[in-house]
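# Chain and residue survey
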Amino acid sequence: MTISFGHNLPWGGVNPQEYKRKAQDLRHGLAYRLHFAALGWADRHGHAAFGPGKLAALLGKDGKPLSVQSTNNAIARAKQLELVSPSSGAACLVLPTYLFQKGKGAPVPCRLHSDR
Ligand SMILES: [Zn+2]
């Protein structure tokens, strides 16, 4: 897949391992941690799929997962801030193509977007 954000527009790369780490850094607000998680785990189509409870565990503190309510609130806030696509949920965070494109890698199946 060729990466293009528009004719002659420059693009760069990110280190997904660092974004996985940042997603678990409690110093950042939850909405931004979700954005970091999406960047860290996104597949070739910008989908970051998480197994049941995985995202809440990732966002939790001291080994205790974030509550379902707090996880859903954080996702709603991240959508409001356009940090993830409106189709995102706890099972899969999605990055819009104007924010994220990836040249390689296989798509990962997710529970939320079985139609893609
Ligand atoms: Zn998905």
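Please refer to the structure higher up on the page.
Here we summarise the structure given alongside this text. (Residues numbered from 1 in each chain as written. Predicted model: local features only at pLDDT ≥ 70, side-chain atom pairs only at ≥ 80, totals over all residues.)

## A few points about the overall build of the protein
Broken down by element type, the protein carries four helices and two strands. Taken over the C-alpha trace, the protein has a radius of gyration of 14 Å; the compact-globule value for 116 residues is 13 Å, and the two agree within 12%. Along the three orthogonal principal directions, the C-alpha set of the protein runs to about 45 × 30 × 25 Å. The burial tally for the protein puts 28% of its 116 residues in the buried class. Restricting the contact set of the protein to residue pairs at least 6 apart, pairs at least 24 apart contribute 56%. (Helix = DSSP H or I, 4+ residues; strand = E, 2+ residues; numbered from the N terminus. Rg over C-alpha atoms; globule rule 2.2 N^0.38 Å. Buried ≥ 20, exposed ≤ 12 C-beta atoms within 10 Å, placed from the backbone. Contact = placed C-beta atoms within 7 Å.)

## Overview of the nonpolar core
Leu34, Ala37, Ala38, Ala48, Val84, Cys92 and Leu93 are the most contacted members of the largest nonpolar core, which totals 25 residues. Looking at this core, the elements with two or more residues in it are helix H2 (30-41), strand S1 (47-49), helix H3 (54-59), helix H4 (68-80) and strand S2 (92-94). When residues in this core are grouped by element, the largest group, six residues, is from H2. Not counting residues up to four positions away in its chain, the partners in contact with Ala37 are Ala23, Ala48, Leu55, Leu58 and Leu93. (Core = buried A, V, L, I, M, F, W, Y, C linked by C-beta atoms within 7 Å.)

## Some remarks on the environment of Ser67
Following the sequence through the fold, Ser67 ends up in the loop between H3 and H4. With 12 C-beta atoms counted inside 10 Å, the residue Ser67 sits in the exposed group. Taking the C-alpha atoms as reference points, Ser67 and Gly53, separated by 14 residues in sequence, lie 9.6 Å from one another.

## Observations regarding H2
With 12 residues, H2 should reach 16 Å at 1.5 Å per residue; the first-to-last C-alpha distance of 16 Å fits that figure. Here H2 lies mainly inside the structure; nine of its 12 residues are buried. Every buried residue of H2 is listed here: Arg33, Leu34, His35, Phe36, Ala37, Ala38, Leu39, Gly40 and Trp41. (Expected span 1.5 Å × (residues − 1).)

## Concerning unusual backbone geometry
Residues apart from glycine generally show negative phi values, whereas peptide bonds are mostly found in trans. Even without being a glycine, Asn8 presents a positive backbone phi close to 65 degrees. Its place among the elements puts Asn8 in the segment before helix H1 (16-23). Under the C-beta neighbour-count criterion, Asn8 is labelled exposed, with 6 such atoms within 10 Å. A positive phi is found at Glu82, a non-glycine position, where the angle reads about 55 degrees. Judged by the 12 C-beta atoms lying within 10 Å of it, Glu82 is exposed.

## Quick word on the packing of H2 against H4
It is at 8 Å that the axes of H2 and H4 come closest, and there the two elements cross at 80 degrees. One finds that H2 runs roughly perpendicular with respect to H4. Between H2 and H4, the residues in contact are Leu30, Ala31, Leu34 and His35 and Ala74, Ile75, Arg77 and Ala78, respectively. Here the contact of H2 with H4 is composed, by residue class, of six nonpolar, one polar and one charged. (Axes fitted to C-alpha atoms, helices over the stretch in contact; angles between N-to-C directions. Parallel < 35°, antiparallel > 145°, perpendicular 65-115°, else oblique. Nonpolar A, V, L, I, M, F, W, Y, C, P; charged D, E, K, R; others polar.)

## Considering the environment of Ser88
Turning to its location among the elements, Ser88 is positioned in the loop between H4 and S2. A residue is classified by how many C-beta atoms lie within 10 Å of it, and Ser88, with 23 of them, is buried. The spatial distance from the C-alpha of Ser88 to the C-alpha of Gly40 is 15 Å, given a sequence separation of 48 residues. Ignoring sequence-local partners within four residues, the contact set of Ser88 consists of Ile75, Lys79, Leu93 and Val94.

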